[in-house]
Amino acid sequence: MSTEAADTLEISLQVNGAPVRRRVASRLHLADFLREELGLTGTHLGCEHGVCGACTVRVDGEIVRSCLVLAVQADGARVETIEGLSAAGTVGALQRAFHERNALQCGFCTPAMLLAAAELVERQPDASREDIRRHLSGNYCRCTGYQAIVDAVEVVCRAHRAGGIR
Amino acid sequence: MKEGGTMPPARGTMQYIGASLPRANALRLLAGRGQYVDDLQLPRLAHAVMVRSPHAHARIVSIAADAARDAPGVLRILTGPDVAQLCRPYVGVLLHVKGMRSAPQLPLALGRARWQGEPVVAVVAESRAQAEDAAQLVEIGWEELPPVTDAETALDPGAPVIHPEFGDNLCFERVVDTGDVDAVFARADHVVEATFVTSRHAPMPLETRGIVADFNPAEKHLTVWQSTQVPYMMQWILAHHFGLPETSVRVIAPDVGGGFGLKIHVFGDEMAAVAASLVLGRPVKFIADRLESFVSDNHARGHRVKMRMAVSREGDILAVDMDDLYGIGPFSGYPRASVNEGLQVVNLAGGPYQQRVYRGRSRAVFQNKPMYGQYRAVGHPVACAITEGTVDLAAAAVGMDPAEFRRRNYIPADRFPYTLVSGPTFEKLSQHEALDRLLAMMDYTGLRREQAELRPRGVHRGIGLASFVENSNSSSATYGQGGVSIAAQDACTIKLTATGGLAVATSLTEMGQGAHAVAMQVAASAAGVPIDRVKVVLGDTDATPYGGGNFGSRGTGIGGEAVFQAARALRANILAFVARLTESEPSLLDVREGNVVDAESGALRMTLEDVARTAYFRTDRVPRDFQPELTVTRSYAQKYYSGVFTNGIQASYLEVDTDTGFVKLLRHWVVDDCGTIVNPLLVDEQIRGAVVQGIGAALFEQCIYSPEGQLLNGSLIDYLVPMAAEMPDIEIGHCVTPTATSELGAKGAGEAGTAGAPAAIMNAINDALKPFGARVTMQPFTPERILRALGKAGAA
Amino acid sequence: MKAAAFSYVKPRSLAETFDLLERHGEGARLLAGGQSLIAALNMRLDTPRVLIDLNGLKELSGIRVDRDSIAIGALTRHRSLELSEDVSQHLPLIHAAMPFVAHAAIRNRGTFGGSIAFADPAAELPACCIALDARFVIRSRAGERRVAAREFFKGLYETDLRPGEVLAGGEFARSGVPYRYSFQELARRHGDYAIVGVAACARIGAGVLSGVRIAFCGMGPTPMLASAAAAALDGRACSRDVIAHAQASLAQDLAPFDDLYQTAATRMHLARVLLGRAIAQLTTDYEY
């Protein structure tokens, strides 16, 4: 990357396992890049000022708010979104648990909630209900009472401890 | 009441009604494959951005838009007069609500802006970012006018008048007076009173409002994708106001990221985006960003209520005297008006108790704040808080346990249907049963013991009860009778598919509450078809029969009943057909698990696939004088009451830190009676979500304005919504009193949680504060207000 | 809600960074974790011409423990601080404060230096740095200078950083004698900026507190060092009277203002309550 300041830059990164190369505007945030450039609309925008958590994605294995990361900053990074994380692993287990418990209504917060929860399950599978509530407190859900979400995450934590997530 | 007998009795197992099945349509949402309005991309899609008034009240002196017009990517700039040429003005009044008034309104301000955030200019560009860049170049010359921002002084002589033609700022006043009120108060053993305040707050769905309007000039046809709860209402509105034939307007509600009543109103910015598409002949997207949502979404609540209750020494409520004042926006909202909150407060203050003597007044005043409208549980949280707060005071005054006081004053079980002196009729409530169940669930006496044991240790816990009622399944009394074109009816079309499945098209709409799942479960049960062979289509005026959609806790009760009737009718048609084919009698047959069987023995007569194949492909086998009808439509409207009331009771258990004023919620319980429950899994979490919204009102949510009418906390950083960490576990119990107004017997479940929670929290806080002689009645109950009540704010 | 246009550059060295700062002057902003900056850009509250992304400067990242001091690089993520054994062992006050810093996704991205340089008076880390008497290392083309944390915060979102300078990190003295610490915070919701927070540390021997340092967040235009309260405690055997005196002394130390939800007077009251709780934690297992 050049050390001249530029309005648009060429970036190359890995998104859901596939290499991506694009020229993007400096001001474009990662959420808009994923949504508008790559059509990965499972990442949602709820506030665009870093509070609601709906735009949560993984960058280099860690959850971040993609409205608070510029697309150009993702140059060279490994980005994962709900589209790439579905069906298998921790997120898959969470999806099943969310489904069984109706831990979603409108679904707008859900992909981000799943990614946030997955990080907790993987980092702290012995999390208490209170831990789960605190960890998810950066993700706004207006529909549920959060309880079904906490229940679902609790179950998956338990399964993870028992080595039950494939 | 179930008149008719036009239908064969329901048979089969009804196996899916009452079953806690996961929602089929949740799978795509979980996988990130939902499709919300902002996810939609169309060729030549343009983006609209609004320039909004920075002032609460100001005259538009000039608009200089040349620089914006020349900015990169800009396609069109629309001002108030531009849109006025395309859009017929609207007035948000209900004709049957006597005396209410409002002024004509247009999508973009014309001459004068009346709230901070009112859209004034629409900038349309190739991208959202370009439109925002250009919007910053629009220069509007303003002449500030004195704003009306405090409802308390809005009616003062000398207050600025928002609509000079009215002479004052009164939108609407309703008074109910049974007479004798003063006399009863004068001779009552106890009179308790308090002033309750609820904050102005915002519905705040996570998905903001949004629309894509695509006008095709070749066909003069408008297609609109909108985050809406009410496609048919919007179809009527768009056709009427933009002068298009209704048949040239299609409204599609894709996945909707939460509604809560926000998405049933008409918004100027969305109308302006439609106007832009009409002008440009290409698709235009407008997505309200979060910051503009704060100043352009319809708000709700914001009441100040003076409440008095007269009580006998035995503990009987003798009379209620209530005075409600609330500030709406500068116009009454269109098309549903902004008076329903006040109407509900007047109607339900003192309910769900026996009403003897009552005087109630509600006044809605115009003010220079954002538009105001229906939001989850319209008025009920206010009515519930003032009633239940006063009931606790009354119980304390007579020295009675609050639970016992409630039981004593509930409407006796043998007096239903019971008509309140204020008008509404309760078909049947289950208050005593709900109370008993709640007290058992929470171990009321055990908690009281624990509370007493902890007091000496400086741990101050409180228990708060709140009985509630909630209007659901509304008749045309709400809108249709007021001259507003919003369907009170819903409909469902079901066809038997060629392989023996069901294709269900319903006017119900889905915004996450589970209408899709309800339609599947009801249709599968009533038709006798395995649920995995049912497909549901909703949210598209081109694809579904006519109906109201989802608002006011009507989805399952009204739309669900239409599905039920349609599925029953299809089943009857199938039986008649097979009876004819097999030379049998319909009454000897049944549809079970997707097969037509002998009703007695269960022996297979014909699979539904064979039925469909015969009817569709092998018409040579169908008798010439018989035409099977395997596509049926049924409609349903509730016509017996203005609404069918649900009821229940909530309890909160919490701890107040009397040094900091912080409240820790420990547990919450709800016993709800929504009649027949189609899917308990959905109902329970929906109630919890509603409770959490009520907790939001009680503890956090509040739009804070400067005296000049500027919103001071218009971001999600400063406007506090309830998050997971502070919410308690919420235990749900049920009583089941099906309504007799329908076959299905379902009432609404979406709002009651929000209605009762603030009162339960308030009563619990005040219960905790009782030893200190402190009390809070102004929502939200912030640490500041609690410390103030304790005399500790700013102490030392 | 899209940011106004700006250009972006990611220097590979501090020398390049200084060049860029010189070239772009006041129109440039340094981008570290971006957790406050990018929100401000999205809201168009800030419209810089150039963003200089520091994230390529590996030398600004990491936690280093020397014989006498612990150094935290400006680009060290909150998450790294939270997990660091070194921080937990040598800077337990910071370790205790980390869970109060926003939410997991923010902590994964936000940086130590970003939090210090942004200087939000309600943030946790600036108050901790003052309580721990940290020094900040500041670099520019002219070289390197060090500023005591208590001198660094000049006013609301204002710091001692001058044009052309980059905050490189913080340094904390390794104390010979183990000290006790307490971090307490009141926020309306978990992860919110504090209404009031207190970072306190002290040594204790025979019931007597010494080396008391107390700093508050959310109680003035900058993180506030509570010197008068510390003096009221220092060298004294803890008693209810001593604590009450320290609480009363906060009037000299703090300058709260009204916020959206609380009056200044209430926040002062809450600060006193929190101070009492912090002292209680410092003196756990001592009777008084």
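Residues numbered from 1 in each chain as written. Chains lettered and ligands numbered in written order. Predicted model: local features only at pLDDT ≥ 70, side-chain atom pairs only at ≥ 80, totals over all residues. Heavy atoms only, no water.

**Thoughts on the nonpolar core**
Okay, so step 1: In terms of nonpolar packing, the biggest core is built from 143 residues, with Phe98 and Val153 of chain A together with Met442, Leu699 and Ile765 of chain B touching the most fellow members.
Okay, so step 2: Broken down by element, the residue count for this core peaks at 10 residues, all from helix α18 (residues 752-769) of chain B.
Okay, so step 3: Looking at which domains feed residues into this core, each of domain 1 (8-84) and domain 2 (86-161) of chain A gives three or more.
Okay, so step 4: Among residues more than four places away in sequence, those in contact with Ile765 of chain B are Leu654, Val656, Val663, Leu699, Val776, Phe781 and Ile786 of chain B. (Core = buried A, V, L, I, M, F, W, Y, C linked by side-chain atoms within 4.5 Å. Buried < 20%, exposed > 50% of the residue type's maximum accessible area, 1.4 Å probe, protein only. Helix = DSSP H or I, 4+ residues; strand = E, 2+ residues; numbered from the N terminus. Domains from an automatic or database assignment. Contact = heavy atoms within 4.5 Å.)

**As for the domain arrangement of chain A**
All names here are of chain A.
Okay, so step 1: Per the domain assignment, the segments of chain A are domain 1 (8-84) and domain 2 (86-161).
Okay, so step 2: The centre of domain 1, based on its C-alpha atoms, is set 22 Å off from the matching centre of domain 2.
Okay, so step 3: In this complex, domain 1 contributes 20 residues to the contact, which on the side of domain 2 involves 18 residues.
Okay, so step 4: Surface buried jointly by domain 1 and domain 2 totals about 1,300 Å² across both partners, of which 55% is contributed by carbon and sulfur atoms.
Okay, so step 5: Connecting domain 1 to domain 2 are 2 salt bridges.
Okay, so step 6: Salt-bridge contacts for Arg58 lead to Glu122; the nearest nitrogen and oxygen are separated by 3.9 Å.
Okay, so step 7: Joining domain 1 to domain 2, the criterion identifies 7 residue pairs in polar contact (both at pLDDT 80 or more).
Okay, so step 8: Of all the elements in the fold, those that place two or more residues in the side of domain 1 that touches domain 2 are β3 (56-59), β4 (62-65) and α2 (82-85).
Okay, so step 9: By residue class, the composition of the side of domain 1 that touches domain 2 is 8 nonpolar, 7 polar and 5 charged. (Buried area = accessible area lost by both parts, 1.4 Å probe. Salt bridge = Lys/Arg side-chain N within 4 Å of Asp/Glu carboxyl O. Polar contact = N/O pair within 3.5 Å; in protein donor to acceptor, adjacent residues only side chain to side chain. Nonpolar A, V, L, I, M, F, W, Y, C, P; charged D, E, K, R; others polar.)

**Digging into the interface of chain B and chain A**
Okay, so step 1: Each partner contributes to the interface: chain B provides 54 residues, whereas chain A provides 45 residues.
Okay, so step 2: Buried area between chain B and chain A, summed over both chains or domains, comes out near 4,100 Å², and the portion from carbon and sulfur atoms is 56%.
Okay, so step 3: It is Leu30, Leu206 and Glu685 of chain B that lose the most area in chain B upon contact with chain A, and together they represent 19% of the buried surface on that side.
Okay, so step 4: At the boundary of chain B with chain A, the tally comes to 6 salt bridges.
Okay, so step 5: Here chain B and chain A share 31 residue pairs in polar contact (both at pLDDT 80 or more) between them.
Okay, so step 6: Looking at the side of chain B that touches chain A, the elements that each hand over two or more residues are α1 (26-30), α4 (128-135), α8 (290-296), α17 (680-700) and β30 (729-734) of chain B.
Okay, so step 7: A breakdown of the residues in the side of chain B that touches chain A according to their chemical character gives 32 nonpolar, 11 polar and 11 charged.

**Comments concerning unusual backbone geometry**
Okay, so step 1: A cis geometry characterises the amide bond from Tyr334 of chain B onward to Pro335 of chain B, with omega recorded as 0°.
Okay, so step 2: Residue position: Pro335 of chain B is located in the loop between β16 (317-327) and α9 (340-348).
Okay, so step 3: Residue Pro417 of chain B is reached from Phe416 of chain B by a cis peptide bond, and omega for that bond is -5°.
Okay, so step 4: Its place among the elements puts Pro417 of chain B in the loop between α11 (402-409) and β18 (418-419).
Okay, so step 5: The phi dihedral of Asn102 of chain A falls on the positive side, at around 55°, and the residue is not glycine.
Okay, so step 6: Accessibility expressed as a relative area gives 2% for Asn102 of chain A, which makes it buried.

**Here we look at the sheet that holds β30 of chain B**
All names here are of chain B.
Okay, so step 1: In spatial order, the strands read β20-β28-β29-β30; together these 4 strands make up an open sheet with mixed pairing. On the outer flanks of this sheet lie β20 (460-472) and β30, each paired with one strand and no other. Along the sheet, successive strands turn relative to each other by an average axial angle of 15°, direction set aside.
Okay, so step 2: The sheet contact formed by strand β29 (residues 663-673) and β30 spans 6 bridges and is parallel. Bridged to Trp669 within β30 is Glu731.
Okay, so step 3: Helix α10 (residues 380-398) contacts β20 and β28 (644-656) of the sheet and is inclined by roughly 135° relative to β20. (Pairing = 2+ DSSP bridges. Axes fitted to C-alpha atoms, helices over the stretch in contact; angles between N-to-C directions.)

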